[in-house]
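Okay, here's what each chain looks like letter by letter:
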Amino acid sequence: MRTRPITPEEKARAFKPTKKPDVIEKQKLDVRYHIEEFDTGDRPRRFLEAFAAILKHTNYGLALDHFIRMSAKCSRCATTCQVFQATGDPRDIPCYRSELLLSVYRRYFTVGGALRGHLGGGGMDLTDEKVQEMADSFWNCTACRRCTLECPSGIDHALITHLGRFILSEMGMAPRALVVSTREQLEGQTGNTSAIPVPALKDTLEFLEEDMLGDKGVEIKFPMDVEGSEYVFFPAVSDFLMEAETLMGIAAVFTATGDSWTTGTGYYDGINYGLFYSDRILERVVKKIDAETKRLKGKNVLIGECGHASRSAKYFLPAYCGGDKAFPVINIMEYTHKVWKEGRLKLDPTIVTQKVSYHDPCNIARQRWIIDKPRELLKAFCPNYIEMTPSGEDNICCGGGGGTVSIDEIRPYRTTVGGKLKADQIRRAGCEILVAPCANCKKQLRELVEDQKIPCEVVGLHDLIYKAIIFDKPTAGSATDNQHDKKGE
């Protein structure tokens, strides 16, 4: 599937400057995302120092040594890149972007590059202009990794983009939206990216419990701080503000099955922006999830409907928290599918009659982790389910991946360039409801259908499950009550 290049008018809207000229002059950096104040002096030297430190303390060098030997720059990746398809700009071809960093590695961190540089023939010396080009280019990428599937040499362009962002962040050059959120998460009073204090969290969940009792006639609870639960729940914390129906659907599933679960008041945020721009942040956030699960004596880490939160926990809890002894990580869709297959979850196929389609979040579909399970669930109770193509591991990114959805000042870019191909796909599918089981995808897709004027509602999987769930009989929530009794012992 391909899309047409954007028009000059669309390009002007997408790339409209977002910062005042005096800010650009002061920071000596003309990028569209906002950055906190940072040291602007001798950026090439500081870039190389940060790069060297990261290479010393990580194993990125192994991957980079492979990439510089295999890089063919054939541009086959361009055929799958939705950003390049929209702009037609050669600078948006993934292998061009990757070469910005690989050329620096080749020149300064290989024997051949050092010798050529010493003899005066190294070329590609790092300049301030080159650092600025990387700062701009690396955040034009959605890090969807679709291009990696097409690369005949197996080069992971998204990994290179992540490393480039990591280096820049060590210099203080990272989007302010992400930096402020992670600062609150790791150092702030609330300890989460949305700055939700515990009293507000409790009030929100109590309100949802009352709402569900009136709606379903069933006592559905959100257990909190229950030790020894089978599952310790970490949704994207923004769900507590923006995705009530998703949370209610998850709670309803657990009430129907009677399995034990809990949310901890010590830490309740699955978001991990470190996956997008900083391994140091990534590690610290993962360790908070590990610590809270240990505090509650839980058995499994349960991640809500969030692609990047699921991927960061699934692959990096073992990396940073005990290897094969780390807590198992389960996405809520895996749990819901399992209990449905076991016959413990019943869904009414007469409730959701609209045309429904499913969007694959890149962070859980690209590596073939979760693809079929949510589709099987939807087909079980949505008689008018329609499939979008391409899908699964070859899905089209929402256009706000890689953390870009959290940068509100580049929304015109995300919905005009990054999400253009996705908008075309949604129109072609003709769905009335688009299920997107990811907090970031939902935000981006809602903005996309609004800006592109597509008549489509974007919801989570458990939003629809909440509508269709069947309880055998009105209940006081016996399993949940047992958890509260256990807590009070």
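Residues numbered from 1 in each chain as written. Predicted model: local features only at pLDDT ≥ 70, side-chain atom pairs only at ≥ 80, totals over all residues. Heavy atoms only, no water.

1. Quick look at the nonpolar core
Here is a general trend for soluble globular proteins: nonpolar side chains tend to be buried in one another's company. Counting 130 residues, the largest nonpolar core has Phe 47, Phe 51, Leu 378 and Leu 464 as its most contacted members. Tallying contributions element by element places helix α14 (residues 244–257) first for this core, with 7 residues. Residues from two domains meet in this core; each of domain 1 (26–174) and domain 2 (185–488) gives at least three. With near-sequence residues (within four places) excluded, Phe 47 lies in contact with Leu 101, Val 104, Leu 126, Val 131, Met 134, Ile 167, Leu 168 and Met 171. Core analysis: the second largest hydrophobic core is formed by 18 residues, Cys 438, Cys 441, Ile 454 and Val 458 among them. (Core = buried A, V, L, I, M, F, W, Y, C linked by side-chain atoms within 4.5 Å. Buried < 20%, exposed > 50% of the residue type's maximum accessible area, 1.4 Å probe, protein only. Helix = DSSP H or I, 4+ residues; strand = E, 2+ residues; numbered from the N terminus. Domains from an automatic or database assignment. Contact = heavy atoms within 4.5 Å.)

2. What about the domain arrangement of the protein chain?
Domain parsing of the protein chain yields domain 1 (26–174) and domain 2 (185–488). Here domain 1 and domain 2 have C-alpha centroids that lie 32 Å from each other. Taken together, the contact between domain 1 and domain 2 spans 24 residues of the former and 29 residues of the latter. For the pair domain 1 and domain 2, the two sides together bury roughly 2300 Å², of which 55% comes from carbon and sulfur. One can count 16 residue pairs in polar contact (both at pLDDT 80 or more) joining domain 1 with domain 2. Taken together, the elements giving at least two residues each to the side of domain 1 that touches domain 2 come down to α5 (82–87), α9 (146–150) and α10 (157–170). A per-class count over the side of domain 1 that touches domain 2 returns 11 nonpolar, 8 polar and 5 charged. (Buried area = accessible area lost by both parts, 1.4 Å probe. Polar contact = N/O pair within 3.5 Å; in protein donor to acceptor, adjacent residues only side chain to side chain. Nonpolar A, V, L, I, M, F, W, Y, C, P; charged D, E, K, R; others polar.)

3. What about the environment of Tyr 277?
Here Tyr 277 shows up in helix α15 (residues 274–277). Separated by 161 residues in sequence, Tyr 277 and Arg 116 have C-alpha atoms that sit 32 Å apart. In this view, Tyr 277 contacts Trp 139, His 162, Arg 165, Phe 166, Ser 169, Ala 174, Leu 178, Val 179 and Thr 182; residues no more than four positions away in its chain are not counted.

4. Considerations on the packing of α14 against helix α18 (residues 332–341)
Here α14 crosses α18 at 35°, and the two axes come no closer than 11 Å. Pair α14 / α18 crosses with left-handed handedness. Within the contact between the two elements, α14 uses Ile 250, Val 253, Phe 254 and Thr 257 and α18 uses Ile 332, Tyr 335, Thr 336 and Val 339. Along the lines of polarity and charge, the residues of the contact of α14 with α18 split into 6 nonpolar, 2 polar and no charged. (Axes fitted to C-alpha atoms, helices over the stretch in contact; angles between N-to-C directions. Left-handed = near helix turned anticlockwise from the far one by under 90°.)

5. Describing unusual backbone geometry
At the junction of Thr 389 and Pro 390, the peptide bond is cis and its omega measures out at -5° in the coordinates. Tracing the chain through its elements places Pro 390 in the loop between α20 (372–381) and α21 (411–418). One non-glycine residue, Asp 42, lies in the positive phi region at around 45°. Assignment of secondary structure puts Asp 42 in the loop between α2 (21–27) and α3 (43–57). Positive phi, normally seen in glycine, also occurs at Asp 225, with a value near 55°. One can find Asp 225 in the loop between α12 (198–216) and β1 (231–234).

6. Considering the sheet that holds strand β6 (residues 356–358)
The strand order across the open sheet formed by 3 strands is β6-β7-β8, and the pairing between neighbours is parallel. A strand with exactly one partner marks an edge of an open sheet, and here the two such strands are β6 and β8 (457–459). For this sheet, the mean angle separating the axes of adjacent strands, direction not counted, is 25°. With 3 bridges joining them, strand β7 (residues 433–435) and β8 adopt parallel strand pairing. Looking across to β8, one finds that Ile 433 is bridged to Glu 457. Packed on one face of the sheet, helix α23 (residues 439–451) meets β7 and β8 and runs near 175° to β8. (Pairing = 2+ DSSP bridges.)

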